Amino acid sequence: MEAQEVGTAFLEALTTREFSAARAHLADDVRFRMLVPSGLMTESDADGAIGRFVDWFGGADSFEVEEASARDVEGRAAITYRFRLHDPDGWQVIQQHIMLDVGDDGRIMAIDLLCSGFRSISVGEQGGEHHFDAGDRGCADGLAGEFRRRMQQIPVGDVLVVSTRDPAAKEDLPPLARMMGHVVRSIEAPGDGRLLVSVERGR
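Each value, and the rule that gives it
- Residues numbered from 1 in each chain as written.
- Predicted model: local features only at pLDDT ≥ 70, side-chain atom pairs only at ≥ 80, totals over all residues.
- Heavy atoms only, no water.
- 1 Å grid on protein atoms, 1.4 Å probe; cavity = no way out; pocket = protein on both sides within 12 Å on 5 of 7 lines; lining within 4 Å.
- Points joined across faces, edges and corners; volume = space filled by probe spheres on them.
- Helix = DSSP H or I, 4+ residues; strand = E, 2+ residues; numbered from the N terminus.
- Nonpolar A, V, L, I, M, F, W, Y, C, P; charged D, E, K, R; others polar.
- Buried < 20%, exposed > 50% of the residue type's maximum accessible area, 1.4 Å probe, protein only.
- Arc of directions from axis to C-beta.
- Contact = heavy atoms within 4.5 Å.
- Polar contact = N/O pair within 3.5 Å; in protein donor to acceptor, adjacent residues only side chain to side chain.
- Core = buried A, V, L, I, M, F, W, Y, C linked by side-chain atoms within 4.5 Å.
- Pairing = 2+ DSSP bridges.
- Axes fitted to C-alpha atoms, helices over the stretch in contact; angles between N-to-C directions.
- Salt bridge = Lys/Arg side-chain N within 4 Å of Asp/Glu carboxyl O.
- Phe/Tyr/Trp six-rings, centres within 6.5 Å; stacked < 30°, edge-to-face > 60°.

Draft legend 1. How the structure looks around the layout of surface pockets. The computed volume of the largest pocket comes to approximately 170 Å³. In terms of lining, the largest pocket is formed by Thr15, Thr16, Arg17, Asp61, Ser62, Phe63, Arg149, Gln152 and Gln153. With three residues, the single largest contributor to the lining of the largest pocket is helix H4 (residues 143-153). Grouping the amino acids of the lining of the largest pocket by side-chain chemistry returns one nonpolar, five polar and three charged.

See the structure below:
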């Protein structure tokens, strides 16, 4: 696998908090160097490296990916992400930049990470509204599952605005949202063929 492919797969595992999948991409003796606000930290094996990510993100009761990207830098994989999460310390945002060295076997041999640290944010700074463009998808071909996943990623009380061109979603999506314990705020048809359904996360 090319470095960017490995980086993209590793990023997907982190953003979905599938830590066992992320662990599978690492060489057993991976070198992990982290520059965090408190200083330089290191790990020298895969279990220790994944343990760091679990400690950072595994305990969050609400977890949202604000941005994420992976690209190639002349044979190295560069990934960047920004997460907003809630844990016992309250609402926080964190951004990390990672460079990966990938071996011939497609496993990650070295990780260099730069971390912003966990930055506290107040409820008023959260923004509160999230958008999901579902295209032509309806509940019968994937909208329901993706809607469920995205609702789980936003904080309780925030609103997800779903845009879809499937006319049946007007009948299907609101009952699904209510069944999941959420609140349907509004259903609008802007006149351009789209349906906008605004749903507040209830639990």
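Draft legend 2. Structural view of helix H5 (residues 169-179). Residues of H5 that are buried include every one of Ala169, Leu173, Pro174, Leu176 and Ala177, and no others. Along the axis of H5, the buried positions cluster into a sector of 165 degrees, meaning they face one direction only. Of the exposed residues in H5, the ones pointing more than 90 degrees away from its buried face are Glu171 and Met179. The elements touched by buried residues of H5 are H4, strand E9 (159-164), strand E10 (183-188) and strand E11 (195-200). Downstream of H5 by a residue or two, Gly181 has a phi angle that is positive, lying close to 95 degrees.

Draft legend 3. Broad picture of the side chain of Gln96. On the secondary structure map, Gln96 appears in strand E5 (residues 90-102). Relative accessible area serves as the criterion here: at 0%, Gln96 is assigned to the buried category. Side-chain polar atoms of Gln96 contact the side chain of Tyr81, separated by 2.3 Å. Not counting the four nearest positions on each side in its chain, Gln96 is found in contact with Phe53, Trp56, Phe57, Ile79, Thr80, Tyr81, Leu113, Leu114 and Cys115.

Draft legend 4. Highlighting the nonpolar core. If you look at the biggest cluster of nonpolar residues, it comprises 33 residues, and the most contacted ones within it are Phe10, Leu26, Phe53, Phe57, Tyr81 and Leu113. Going through the elements one at a time, helix H1 (3-15), helix H2 (19-24), strand E1 (26-36), helix H3 (46-58), strand E4 (76-87), E5 and strand E6 (108-115) are the ones with two or more residues in this core. Ignoring any residue separated from it by four or fewer positions in sequence, one finds Phe53 in contact with Phe10, Leu14, Phe19, Phe32, Gly58, Tyr81, Gln96, Ile98 and Leu113. Ranked by size, the runner-up nonpolar core spans 18 residues in total, among them Leu160, Leu173, Ala177 and Val197.

Draft legend 5. Spotlight on the sheet that holds E10. What the four strands build is an open sheet, ordered E8-E9-E11-E10; its pairing is mixed. Each edge of the open sheet carries a strand with a single partner, namely strand E8 (129-135) and E10. With strand direction ignored, the average angle separating the axes of adjacent strands in the sheet is 20 degrees. By the bridge criterion, six bridges tie E9 to E11 in an arrangement that is antiparallel. When the bridges of E11 are listed, Leu160 appears paired with Val199.

Draft legend 6. Region of interest: the pattern of salt bridges. Considering all chains together, one arrives at 16 salt bridges under this definition. Among the ionic pairs, Asp28 bridges to Arg23, the shortest N-O distance being 3.3 Å. For Asp28, a relative accessible area of 49% translates into the label partly exposed. Using a relative accessible area of 23% as the deciding quantity, one classes Arg23 as partly exposed. Among the salt bridges present, the one from Asp112 reaches Arg33, with a minimum N-O distance of 2.8 Å. In this pair, Asp112 sits in strand E6 while Arg33 sits in strand E1, placing the two residues 79 residues apart along the sequence.

Draft legend 7. Structural context of the packing of aromatic side chains. By the definition in use, this model includes 10 aromatic pairs. Relative to Phe53, the ring of Phe32 lies with its centre 5.5 Å away and its plane at 15 degrees, an arrangement referred to as stacked. Remark: Phe53 occurs in helix H3 and Phe32 occurs in strand E1; sequence separation between them is 21 residues. For Phe32, a relative accessible area of 0% puts it in the buried group. What links up through ring pairs into an aromatic cluster is the set Phe10, Phe32, Phe53, Trp56, Phe57, Phe63, Tyr81, Phe83 and Phe118.

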